[in-house]
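Structure assessment
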Amino acid sequence: IEAFPEPSILPREEGDKAEAGILSKIIPVILEQNEFEKTYSDCMWQKLKTGTGVYKVYWDADKLGGLGDIAIERVDLLNVFWEPGVRDIQDSRYFFHTSLEDNDELERQYPQLQGRLRGNAFMATKFVYDDSVPTDGKSTVIDVYYKKYCGGKKVLHYCKYVGDTLLYSTENTAQSMAGSEEMVQALPGLYEHGLYPFVFDSLFPVEGSPCGYGFVDLCSNAQTAIDLMDTAFVKNTMVGAMPRYFRRNDGGVHEDEFLDLSTPLVTVDGSLGDDALKIIDYRPLSGNYMEFQAGKVNELRETSGNTETATGSTSQGVTAASAIAALQEASSRLERDSSRASYRAFKRVCLMVIELIRQFYDVPRQFRITGSLGEEQFVQYGNAGLRGQPLGMLGGQDMGMRLPVFDIEVKAQKAAAYTKMSQNELALQFYSLGFFNPAQADTSLMCLDMMEFDGKDALMQKISQMGGMYQQLIMYQQMALTLAQKYEPNLAAGLMTAITGEQPQQRQ
């Protein structure tokens, strides 16, 4: 969660800069309104445990009192189904999403279901819970998304049904509204972007599937072996701590007194022979078993990436900050790869959000954003700047319309404390070495060009601007001094002192 993503919207054309800038401020507000940080955390836990996190990005018509707004939520992986063998769910012909709902609520919302919810014909697989989850009085509602060619392009359609009763269908609704086949083909379907509103984020990908393996799948064998050895070690320790004896039936030893450790005397009937009680031999486990278990533990830690360096501790002898940072950087390869995969999924989520804004934000909305200087601003935003824009006429022909298209750059919103500290120390080193001195702009840019760190491009741009302004200032000073020497000789000496800071020498 320290690598929580933050989107930056970049335009592809010069005229879309203003629209990209306002989208970069508005999309984080939409994510915050949907509590996306919690959704992101839940999907990351789902991704680590089961191997795949699933987002659903859709238009909720019930939000804002019926005005509608964008909704983002986590989806249980066991409740979604797709065409077997596809790697990308967008290539699947159908996509199903199931949910278990109460019969009385369904009958209240859909009167056509009265008396038809006798039994649950289909039940999706579910996780094994500690609590008992009753399914009596519930029915499985199935949402079906499918793509169909209309007018030479793929259109996304949607239908909802329970059992054999159809509750809603975009295709039937479009036919009833249009009245003709030509108008039906012109309708956009459920969403204009034509994509299934689901985004999969897998940890360890599996060929032929959009899902992946999780750490439970990867580490279960080693963990099972460790648990079995732990059980065996505990049993062996118990046997060694409590010795056992063979007792002859006619040995004459009173068992109760022998087992009672608080009794100092034990009564014996008759003479006590050497074979009346005989201790059972105990053989402690050798060190080979302990070494084998330690090897399995190390295997589990290396496989899962839960090494000492990753958790913050280092081996003896490593004390330099740079060496510790290098070890931590090398041990976080799995985390970086997983975070980048999550950023790619987050990018697809943001693209779907932009497309939903383009389609549904006909009525402008109010947003509270943060200005460039950190001040609070209130803006009104609609989809007017995202809709089709005319390209004009060329050679007497209409060039048609264009849709503004954007790229998304994702970066970590929150950085670790060590990263912030190293970044601040780097800035102080640049300041002490004179990198921010406009007179040394050229040499500073040459040095920065050979370095790699976050924010380097922005820093080089600022130093270049400062260097250009400094050169212009020098030029204007020389022009002012030349004009003063020619037209105002009395002011030339004072101007020279102001520019150079030195007193002019008297001519003899």
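Residue positions are given per chain, counting from 1 as you read along its sequence in written order. Note on the predicted model: pLDDT of at least 70 is required for a residue's local features to be given, and 80 or more for side-chain atom pairs to be given and counted; whole-chain, interface and lining totals, by contrast, use all residues. Side-chain metrics in this entry use all non-hydrogen atoms of the structure; hydrogen atoms and water are not considered.

Moving on: the overall build of the protein chain. Each helix corresponds to a stretch of at least 4 residues labelled H or I by DSSP, and each strand to a stretch of at least 2 residues labelled E; elements are numbered beginning at the N terminus. If you tally the helices and strands in the protein chain, you get 14 helices and 20 strands. Only protein chains enter the accessibility calculation, which uses a 1.4 Å probe. A residue is then buried if its area is under 20% of the maximum for its type, exposed if over 50%, and partly exposed in between. In the protein chain, buried positions account for 32% of the 508 residues. Surface exposure here means Shrake-Rupley accessible area, sampled with a 1.4 Å probe, where a residue is shielded only by the protein chains that are shown. As displayed, the protein chain offers around 33,100 Å² of accessible surface, 53% of which is attributable to carbon and sulfur atoms.

Like charges within 9 Å and nonpolar side chains (Val, Leu, Ile, Met, Phe, Trp, Tyr) within 5 Å are joined into patches, using only residues over 30% in relative accessible area that form no salt bridge. Whenever a carboxyl oxygen of Asp or Glu lies within 4 Å of a side-chain nitrogen of Lys or Arg, that contact is scored as a salt bridge. Charged residues are defined here as Lys and Arg on the positive side and Asp and Glu on the negative side; His and the ends of the chain fall outside this count. Positions of charges follow a simple convention, taking NZ of Lys, CZ of Arg, CG of Asp or CD of Glu. On the surface, Arg340, Arg344, Lys347 and Arg348 cluster together into a positively charged patch. Summarising the element assignment, Lys347 is placed in helix 10 (residues 333-360). Look at Lys347 and you get partly exposed, because its relative accessible area is 35%.

Let's shift gears to unusual backbone geometry. Its identity is not glycine, yet Glu35 carries a phi of approximately 50°, on the positive side. You can see Glu35 is positioned in the loop between helix 1 (17-33) and helix 2 (36-50). Look at Glu35 and you get exposed, because its relative accessible area is 54%. Positive phi, close to 55°, is recorded for Leu64, a residue that is not glycine. With respect to the helices and strands, the residue Leu64 is situated in the loop between strand 2 (52-60) and strand 3 (69-74). Overall, the relative accessible area of 54% leaves Leu64 in the exposed class.

We now examine helix 1. Multiply 1.5 Å by the residue count of a helix minus one, and that product is the helix's expected span. With 17 residues, helix 1 extends 25 Å from end C-alpha to end C-alpha; this agrees with the ideal 24 Å at 1.5 Å per step. Residue Ser24 marks the point of greatest curvature in helix 1, where the axis turns by about 25°; the proline Pro28 follows within four residues. For helix 1, every residue scored as buried is listed here: Glu19, Ala20, Leu23, Ser24, Ile26, Ile27, Val29, Ile30 and Leu31. The angle between axes fitted to the seven-residue stretch ending at a residue and the seven-residue stretch beginning at it gives the bend at that residue.

Below, the discussion takes up the sheet that holds strand 9 (residues 198-202). By this definition, two strands are paired if DSSP reports at least two bridges between them. Strand order in the open sheet formed by three strands is 3-2-9, with antiparallel pairing between adjacent strands. With partners counted over all chains shown, the strands left at the sheet margins are strand 3 and strand 9, one partner each. Ignoring strand direction, the axes of neighbouring strands in this sheet form an average angle of 20°. With six bridges joining them, strand 2 and strand 3 adopt antiparallel strand pairing. Its bridge partner being in strand 3, Trp59 is matched across the sheet by Ile70. The contact criterion used throughout is that any non-hydrogen atoms of two residues lie within 4.5 Å. Fitted lines through C-alpha atoms serve as axes, helices being fitted only where they are in contact, and the angles separating the N-to-C directions of these axes extend from 0 to 180 degrees. In the packing of helix 2 onto the sheet, the strands contacted are strand 2, strand 3 and strand 9, and the crossing angle to strand 2 comes to about 145°.

So, about the nonpolar core. With 55 residues, the main nonpolar core has Ile70, Phe198, Phe200, Ile357 and Phe367 as its most contacted residues. Among the elements that line this core, the one with the most residues is helix 10, at ten residues. Residues contacting Phe200, with those up to four places away along its chain left out, are Thr52, Gly53, Val54, Leu77, Val80, Trp82, Ile89, Phe95, Pro210, Cys211, Ala345 and Arg348. In plain words, nonpolar cores are sets of buried Ala, Val, Leu, Ile, Met, Phe, Trp, Tyr and Cys residues tied together by side-chain atoms within 4.5 Å. Counting nine residues, the second-largest nonpolar core is a separate cluster that includes Leu426, Phe435, Phe453 and Met460.

This part is about the environment of Leu106. Inspection of the secondary structure puts Leu106 in helix 3 (residues 103-109). The exposure class of Leu106 is buried, given its relative accessible area of 0%. Considering only alpha carbons, one finds Leu106 and Leu117, eleven residues apart in sequence, at a separation of 9.1 Å. Setting aside chain neighbours within four positions, we find Leu106 in contact with Glu101, Leu113, Leu117, Ser139 and Val141.

Aromatic rings from Phe, Tyr and Trp, with only the six-membered ring used for Trp, were paired whenever their centres fell within 6.5 Å, and each pair was classed as stacked if the ring planes differed by under 30 degrees, edge-to-face if by over 60, and tilted otherwise. Scanning all chains against the criterion turns up 20 aromatic pairs. Relative to Tyr158, the ring of Tyr145 has its centre 5.1 Å away and its plane inclined at 40°; by these criteria the two rings are tilted. In this pair, Tyr145 is assigned in strand 6 (residues 138-150) and Tyr158 in strand 7 (residues 153-162), connecting sequence segments 13 residues apart. An identical accessibility class is assigned to Tyr145 and Tyr158; each is buried. By the ring-pair criterion, three or more aromatic residues cluster together here, those being Trp82, Phe95, Tyr145, Tyr158, Tyr168, Tyr196, Phe198 and Phe200. In this structure, Lys56 is placed above the aromatic ring of Tyr58, and the distance from its NZ or CZ to the ring centre is 4.8 Å. A positively charged side chain is recorded as over a ring if its NZ (Lys) or CZ (Arg) lies within 6 Å of the ring centre. The angle to the ring normal must also be within 35 degrees.

When two helices pack together, their arrangement is captured by the angle between the axes and the distance separating the axes. As a packed pair, helix 6 (residues 215-241) and helix 8 (residues 287-304) sit with axes 10 Å apart at the nearest point and diverge in direction by 160°. In terms of their interaxial angle, helix 6 and helix 8 are classed as roughly antiparallel. Of the two possible hands of crossing, helix 6 and helix 8 adopt the one that is left-handed. In contact with Phe215, Leu218, Cys219, Ala222, Gln223, Ala225, Ile226, Met229, Asp230 and Phe233 of helix 6, helix 8 contributes Tyr289, Met290, Phe292, Gln293, Lys296, Val297, Glu299, Leu300, Thr303 and Ser304. Partitioning the contact of helix 6 with helix 8 into residue classes produces 13 nonpolar, four polar and three charged. The scheme is simple: roughly parallel for angles under 35 degrees, roughly antiparallel for over 145, roughly perpendicular for 65 to 115, oblique for anything else. For a crossing to be left-handed, the near helix must be turned anticlockwise from the far one by less than a right angle; the clockwise case is right-handed. Classes in brief: Ala, Val, Leu, Ile, Met, Phe, Trp, Tyr, Cys and Pro nonpolar; Asp, Glu, Lys and Arg charged; the others, Gly included, polar.

The next subject is the environment of Gln413. Residue placement: Gln413 occurs in the loop between strand 20 (406-412) and helix 11 (417-432). The exposure class of Gln413 is partly exposed, given its relative accessible area of 39%. The spacing of Gln413 and Pro5 is 408 residues in sequence and 5.5 Å in space, taken between C-alpha atoms. Once residues within four sequence positions are removed from consideration, Gln413 is found in contact with Phe4, Pro5 and Glu6.

In this section: the pattern of salt bridges. As enumerated under the stated definition, the model contains 16 salt bridges in all. Of the charged contacts, one joins Asp143 and Lys160 as a salt bridge, the two residues approaching to 3.2 Å between their closest N and O atoms. Of this pair, Asp143 sits in strand 6 while Lys160 sits in strand 7; the two residues are 17 residues apart in sequence, bridging distant segments of the chain. Of the two residues examined, Asp143 and Lys160, each falls in the buried class. Taking the shortest distance from any N to any O, the salt bridge between Arg368 and Glu376 comes out at 3.6 Å. Given a relative accessible area of 54%, Glu376 falls into the exposed group.

Taken in spatial order, the five strands make up an open sheet running 4-5-6-7-8, and their pairing is antiparallel. What marks the edges here is a single partner per strand, and that holds for strand 4 (80-82) and strand 8 (165-169). Neighbour-to-neighbour, the strand axes of the sheet open up by a mean angle of 25°, direction not taken into account. Across nine bridges, the pairing between strand 5 (residues 94-102) and strand 6 is antiparallel. From the neighbouring strand, Tyr94 faces strand 6, where its bridge partner is Tyr146.

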